[in-house]
Amino acid sequence: MKEVSDNLKTETKGQVLSFSQIRRWPEFGVIIAFIILLTIFSIFSSKFLTLRNITGILTIVSELGIMAIGIAFLMIAGEFDLSVSSVYALSGFLFVTLANKFNSPLAFIITLALAAFIGFCNGIITLRSRIPSFIATLGMMLFLRGTLLAVTGGESVSYKADAIMPSLLTRYIGYGFRPSHIWFLALTLIFSMVLTNTRYGNWVFATGGNKEVARAMGVNVNKVKIINFMLSSLMASLSGCIVISRFNLANASFGTGMELEAIASAVIGGTFLTGGYGTIIGVFFGAFLMGMMRTGLVMMGAPAYWYQAFVGAILIIAATINLKLRRLEM
Amino acid sequence: MQKITPLVKMVDIEKNFGAVQALKKVNVEVQPGEILGLLGDNGAGKSTLIKILAGVFPPDAGEIFFEGKQVNFLSPKDARASGIETVHQALSLVNVMSISRNFFLGREPTKKIGPVNLLDRKKMDEECKKAVTGLGVRVRSPHEFVSILSGGERQAISIGRAMHFKVKLLILDEPLTALSVRETKEVLRQVEKAKESGVSVIFITHNVYHVYPVAERFVMLDKGIKIGEVYKKDASPEDIIEIIATGKMPQELKS
Ligand SMILES: Nc1ncnc2c1ncn2[C@@H]1O[C@H](COP(=O)(O)OP(=O)(O)OP(=O)(O)O)[C@@H](O)[C@H]1O
Ligand SMILES: [Mg+2]
């Protein structure tokens, strides 16, 4: 393998991207897929490339993407979080209830604090019990969702409070754009910067890549993991508050299954399921791909069910490509 | 003999892994500026002993003094902060990370841009390249992933890293496995250079002939017990091999 990549490199030196560069550019695949799908959808549906449709897609993508960034950041540190969809629903519900009682900024802060606490618990449970986070957070997901359904009895609550947080989070700001689009973009850039250009980012990669080595080199791997569990939960919570502010309605069954969409976005974006590797820009495009498929398929006249089938197929392809890339590294 | 405070003093160290008694009341001292050869067969407990010193795990019993003060390292971070740098037998590099990111792991240089501290990636790449090339290893680029390097190249990078940072004690756990003759020479030269600059070194190996030219004292372990301790002036390499093979010190060497 090494000779092959060496040869490729010398042959193409200075002209095109060398194989070794592409190999270490995990956004590559998802951006290609993004362009292909964009082309197909624009050809088959004349309305696809309209400002209205694009902003509509952006709205869905932002809500999913914010959650996906948090998950990906945690996955790179080598852990999973399946409880995000439940945190999302719980946060929406709590936010509406508290805002109706007090005011929306306070409700927002309390909601985020609770989400951070749930993330902290996920981390502690995973590290203390030594069960895989996949199982620990599956438990948390079922526990939270079940509790929420039981407490609310499946009833919805509508938002009847002030407009402060909804305006900051998601109310139209013109031409179909919403603040959530800006949040998504800003968070993508911030997380990307932290991951690639800070000491903490280096510790996240190392923790996911090889936790024993990271520890031997003086990285506090447990702290890194717990912080990332908390961030994952916080991002899911933010996403929940945004959605609820858009619908003005909270229901305990919101976001069921969304954790898998978020993980799919991360994997399609080049994040390794095994940890240690991934990019936030990749996740950005991964989430975009998902949102685009959702509206694009409908606009092409396909029944909405096809969305899931497509996501499934693309997920398998993406995960396979990731694994191949990883083999090349070995 | 002389009354200088040893840099490291490990007293009655014990460590069990389940039923395996990896260390039984082991006492080891390292003097300032000394190269100590730590020898013994497979499973003798050499790695376990230095992992305790490096803070990887705590001992079950015993005390550790560093520069005369009792220490209790809770993590490798503590040991590193005190000036103990270790090249572990297996735990040294993250495969899916670049060479320069590995090189500075846990000690990344930063530069302030506005209100935030960002990685100084240029400095990381340059210093890493310089340090590794200094050991006689040609790395194509500090951005290469560790996973595509050969065993010898990886070893050289871990050693280059340990030597790069100013430390008081350098622990090398079988540093010469997988190294070429040229790289072996270079590492031994670097070890002596480190010693000249006042650094103490614990050098673990199976091969007495590797460490004999550079070390001035040897400690032998067998099945978790310290079976002997000799100065170079008192024993030939063959004497040391004899001690390891028989598991006991000959009468004339005991003092
Ligand atoms: N983490 C661990 N868990 C269980 N047993 C262990 C562990 N680490 C070491 N041991 C056991 O402790 C004993 C000493 O191991 P150690 O690695 O210290 O030997 P060593 O002298 O370094 O050997 P080698 O020359 O092969 O590296 C061995 O019997 C080993 O199986
Ligand atoms: Mg060993």
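Model, not experiment: these values are computed from the prediction.

**Things to note about the sheet that holds strand 9 (residues 169-173) of chain B**
Pairing between sheet strands relies on hydrogen bonds along the backbone, with the strands arranged either parallel or antiparallel. Residue and element names in this part refer to chain B. Across the sheet, which stays open at both edges, the six strands sit in the order 6-9-10-3-11-12 with mixed pairing between neighbours. The sheet terminates laterally at strand 6 (84-87) and strand 12 (225-231), the two strands that pair on one side only. Put simply, the sheet's adjacent strands are angled 15 degrees from each other on average, direction ignored. Where helix 6 (residues 181-196) meets the sheet, its contacts fall on strand 3 (35-40), strand 9 and strand 10 (200-205), and the angle it forms with strand 10 comes to roughly 150 degrees.

**Some points on the site of ligand 1**
All names here are of chain B. Taken together, 14 residues surround ligand 1, and among them Asn42, Gly43, Lys46, Ser47 and Thr48 come closest. Separating an oxygen atom of ligand 1 from a backbone N or O atom of alanine 44 is a distance of 3.1 Å. In the environment of ligand 1, an oxygen atom lies 2.7 Å from a nitrogen or oxygen atom belonging to the side chain of serine 47. Protein contact buries 64% of the 630 Å² of open area that ligand 1 shows by itself. Of all the secondary structure elements, the ones that give two or more residues to the shell around ligand 1 are strand 2 (20-30) and helix 1 (46-53). A per-element tally of the shell around ligand 1 places helix 1 first, with three residues.

**Let's talk about the pattern of salt bridges**
All names here are of chain B. The tally for this structure, following the rule as stated, stands at 19 salt bridges over all chains. Across the salt bridge formed by glutamate 85 and arginine 80, the nearest N and O atoms sit 3.4 Å from each other. Like glutamate 85, the residue arginine 80 is buried in the burial classification. Between arginine 140 and glutamate 144 there is a salt bridge whose closest N-O contact spans 3.6 Å. If you follow the salt bridges from partner to partner, you end up with Glu34, Arg217, Lys226 and Glu229 in one network.

**Overview of the domain arrangement of chain B**
Residues and elements named next belong to chain B. The domains assigned to chain B are domain 1 (8-92 + 170-253) and domain 2 (94-148). Taking only C-alpha atoms into account, the centre of domain 1 sits 29 Å from that of domain 2. Between domain 1 and domain 2, the contact holds seven residues from the first and eight residues from the second. Counting the surface lost from both domain 1 and domain 2, the interface buries some 590 Å², and carbon and sulfur atoms represent 35% of this. In this assembly, domain 1 and domain 2 are joined by one salt bridge. Ionic pairing is found between arginine 107 and glutamate 85, a salt bridge with its closest N-O pair at 3.0 Å. Connecting domain 1 to domain 2 are two residue pairs in polar contact (both at pLDDT 80 or more). Top contributing element to the side of domain 1 that touches domain 2 by residue count: helix 6, with four residues. Looking at the side of domain 1 that touches domain 2 residue by residue, the classes come out as no nonpolar, two polar and five charged.

**Quick look at empty space enclosed by the protein**
Enumeration over the complete set of coordinates arrives at two cavities of 30 Å³ or more. Approximately 60 Å³ is the volume attributed to the largest cavity. For the largest cavity, the full set of lining residues is Ala216 and Met217 of chain A together with Ala54, Pro76, Ala79, Arg80, Ile84, Glu85, Thr86 and His88 of chain B. Split by residue class, the lining of the largest cavity holds six nonpolar, two polar and two charged. In this structure, the second largest cavity encloses a volume near 30 Å³. Around the second largest cavity sit Met10, Val28, Leu36, Leu38, Leu49, Ile50, Leu53 and Ile202 of chain B, which together line it. Those elements that place two or more of their residues in the lining of the second largest cavity are strand 3 and helix 1 of chain B. Residue classes in the lining of the second largest cavity are distributed as eight nonpolar, no polar and no charged.

**Here we look at the interface of chain B and chain A**
A common way to state how big an interface is: give the accessible area lost once the parts meet. Contacts between chain B and chain A engage 33 residues on the former and 31 residues on the latter. Summing both partners gives a buried area of about 2,800 Å² for chain B against chain A, and 57% of it is carried by carbon and sulfur. For chain B, the biggest contributors to the area lost against chain A are Val96, Phe145 and Ile148 of chain B; these three give 19% of the whole. For the pair chain B and chain A, the interface holds one salt bridge. Here arginine 199 of chain A and glutamate 108 of chain B are joined by a salt bridge, their closest N and O atoms 3.0 Å apart.

**Digging into the sheet that holds strand 1 (residues 8-17) of chain B**
Residues and elements named next belong to chain B. With antiparallel pairing, four strands are arranged side by side in an open sheet as 2-1-4-5. Each of the sheet's edge strands pairs with one partner strand only, and the pair in question is strand 2 and strand 5 (69-71). Averaged over neighbouring strand pairs, the angle between their axes works out to 30 degrees when direction is ignored. Helix 1 contacts strand 1, strand 2 and strand 4 (61-66) of the sheet and is inclined by roughly 120 degrees relative to strand 1.

Rules used in this analysis
Residues numbered from 1 in each chain as written. Chains lettered and ligands numbered in written order. Predicted model: local features only at pLDDT ≥ 70, side-chain atom pairs only at ≥ 80, totals over all residues. Heavy atoms only, no water. Pairing = 2+ DSSP bridges. Helix = DSSP H or I, 4+ residues; strand = E, 2+ residues; numbered from the N terminus. Axes fitted to C-alpha atoms, helices over the stretch in contact; angles between N-to-C directions. Contact = heavy atoms within 4.5 Å. Near = heavy atom within 4 Å. Polar contact = N/O pair within 3.5 Å; in protein donor to acceptor, adjacent residues only side chain to side chain. Areas by Shrake-Rupley, 256 points an atom, 1.4 Å probe, with all protein chains shown as cover. Salt bridge = Lys/Arg side-chain N within 4 Å of Asp/Glu carboxyl O. Buried < 20%, exposed > 50% of the residue type's maximum accessible area, 1.4 Å probe, protein only. Domains from an automatic or database assignment. Buried area = accessible area lost by both parts, 1.4 Å probe. Nonpolar A, V, L, I, M, F, W, Y, C, P; charged D, E, K, R; others polar. 1 Å grid on protein atoms, 1.4 Å probe; cavity = no way out; pocket = protein on both sides within 12 Å on 5 of 7 lines; lining within 4 Å. Points joined across faces, edges and corners; volume = space filled by probe spheres on them.

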